[in-house]
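Architecture and fold: a report
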Amino acid sequence: MKFRFTFLFLVFSTFCFIPLFAEENKSPNLTYALYPSMGTNIQYNAAPLPSAPSPVLFSFGLGFDLGFYETFAFRPDMQFSGTYYLLQDDSALPSSPENRTAYVTSILLDMPVCYIIPIKKTQFYFGAGLALYIRAAFLASKVPSSEKESVTTINQYFWSKARFLYPSLQLGWDFLTSKDSSFGFNAKILFPLGNAGNSEAYSWFQDGIISLSVRFKFDITSQDSHQYESKANSEENHQAKEIQN
């Protein structure tokens, strides 16, 4: 299990530092975009009953795209979802409505660096990052107030032993509908760092997440920025020709 998480850390580190190897004299050609998204998050649960099987959660979100050097992008995004939880064997686990103790609202904040492969009107990309799984539990409707202590324990569970940290890997595809917009599909897998070295976990992938979503991207790069980058690139090309001559 330690080997798995060491491998993930190395992959994550490699992707994060790839941009540093770009040519120093090359214009970063910065672009900016927003992308709303919606889809499903499958959260793995290997615990026995009465906890629920791995829940499939509807999610919606919003992301920001900072493109640089034409083939790289920093793409932080947030996904919102929610489901019922219970306290079982001192662990916070997904629950069916019948066995609920708390309702948990979740924000999955992922911060990946992606490598982009443009092919005509499409873009394929893959990347890696580190996500924060921010969860807050509230006493579920029609649950006795005597269960408030259990809700407090559930919240403490979420924030202990680094259970909120998730290294992530992703890949996706975008189709350019116009110069300033596109739509596409994204798939990512997020690994629960809190299970590293935890022999009490039901599985090394307990609470791991598989996310599938569709997204719509809108370019918000200002016209002035486009003109500035175009001018900078022209000047660089002119200087290169002078050096060659």
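First things first, this report covers the structure right here in the doc. Everything numeric in this text was worked out from a predicted model, so none of it was measured.

Each helix and strand counted, the protein has three helices and 10 strands in total. The helix and strand sequence of the protein, counted from the amino end, reads α-β-β-β-β-β-β-β-α-β-β-β-α. By residue count, 42% of the 245 residues in the protein fall in the buried class. Taking as baseline every contact in the protein between residues at least 6 positions apart, the subset at least 24 positions apart corresponds to 67%.

The tally for this structure, following the rule as stated, stands at five salt bridges. In this structure, Asp 65 engages Lys 217 in a salt bridge whose closest nitrogen and oxygen atoms are separated by 3.9 Å. Of this pair, Asp 65 sits in strand β2 (residues 56-68) while Lys 217 sits in strand β10 (residues 209-219); the two residues are 152 residues apart in sequence, bridging distant segments of the chain. For Arg 215, the salt bridge is made with Asp 174, and the minimal N-O distance between the two is 2.7 Å. With Arg 215 in strand β10 and Asp 174 in strand β8 (residues 165-178), this residue pair connects regions lying 41 residues apart in the sequence. Each of the two residues, Arg 215 as well as Asp 174, counts as buried. Each of Asp 65, Arg 75 and Lys 217 takes part in salt bridges that share partners, so that together they form one network.

A word on the nonpolar core. Counting nine residues, the largest nonpolar core is built from Tyr 85, Ala 92, Ala 102, Val 104, Ala 137, Val 151, Ile 154, Tyr 157 and Phe 158. Among the secondary structure elements, those contributing two or more residues to this core are β6 (102-119) and α2 (148-158). The greatest single-element share of this core, amounting to four residues, is contributed by α2. Beyond its immediate stretch of four places on either side in the chain, Ala 92 contacts Tyr 85, Leu 86, Leu 87, Ile 154, Tyr 157 and Phe 158. Of all hydrophobic cores here, the second largest spans six residues; its members include Leu 108, Ala 131, Tyr 133 and Leu 190.

Take the pairing of strand β4 (residues 77-88) next. Direction of pairing for β2 relative to β4: antiparallel, over a ladder of four bridges. Its bridge partner being in β4, Gly 63 is matched across the sheet by Asp 77. For β4 and β6, the ladder comprises nine bridges, and the chain directions are antiparallel. Along β6, the bridge assignment pairs Ser 81 with Ser 106. Taken together, the four bridges between β4 and strand β5 (residues 91-94) define a ladder with antiparallel strand orientation. From the neighbouring strand, Leu 86 faces β5, where its bridge partner is Leu 93. If you look at the hairpin formed by β4 and β5, you'll find two residues sitting between the two strands, and Asp 89 has a positive phi there, around 55 degrees.

Moving on: the side chain of Gln 123. On the secondary structure map, Gln 123 appears in strand β7 (residues 122-139). Taking relative accessible area as the criterion, Gln 123 reaches 17% and is therefore assigned buried. When neighbours within four sequence positions are excluded, Gln 123 is seen to be in contact with Arg 75, Ile 116, Ile 117, Pro 118, Gly 172, Trp 173, Asp 174, Leu 176 and Lys 217.

Turning our attention to the environment of Pro 112. Tracing the backbone through its elements, the reader meets Pro 112 in strand β6. A C-alpha to C-alpha distance of 6.5 Å links Pro 112 and Leu 130, two positions 18 residues apart in sequence.

We now examine the environment of Asn 155. For Asn 155, the position within the fold is in helix α2. Excluding its chain neighbours within four sequence positions, the residues that come into contact with Asn 155 are Arg 135, Ala 136 and Ala 137.

Moving on, we come to the environment of Ser 211. Summarising the element assignment, Ser 211 is placed in strand β10. Within the structure, Ser 211 has its side chain in polar contact with the side chain of Gln 79 (distance 3.3 Å).

Parameters and conventions
Residues numbered from 1 in each chain as written. Predicted model: local features only at pLDDT ≥ 70, side-chain atom pairs only at ≥ 80, totals over all residues. Heavy atoms only, no water. Helix = DSSP H or I, 4+ residues; strand = E, 2+ residues; numbered from the N terminus. Buried < 20%, exposed > 50% of the residue type's maximum accessible area, 1.4 Å probe, protein only. Contact = heavy atoms within 4.5 Å. Salt bridge = Lys/Arg side-chain N within 4 Å of Asp/Glu carboxyl O. Core = buried A, V, L, I, M, F, W, Y, C linked by side-chain atoms within 4.5 Å. Pairing = 2+ DSSP bridges. Polar contact = N/O pair within 3.5 Å; in protein donor to acceptor, adjacent residues only side chain to side chain.

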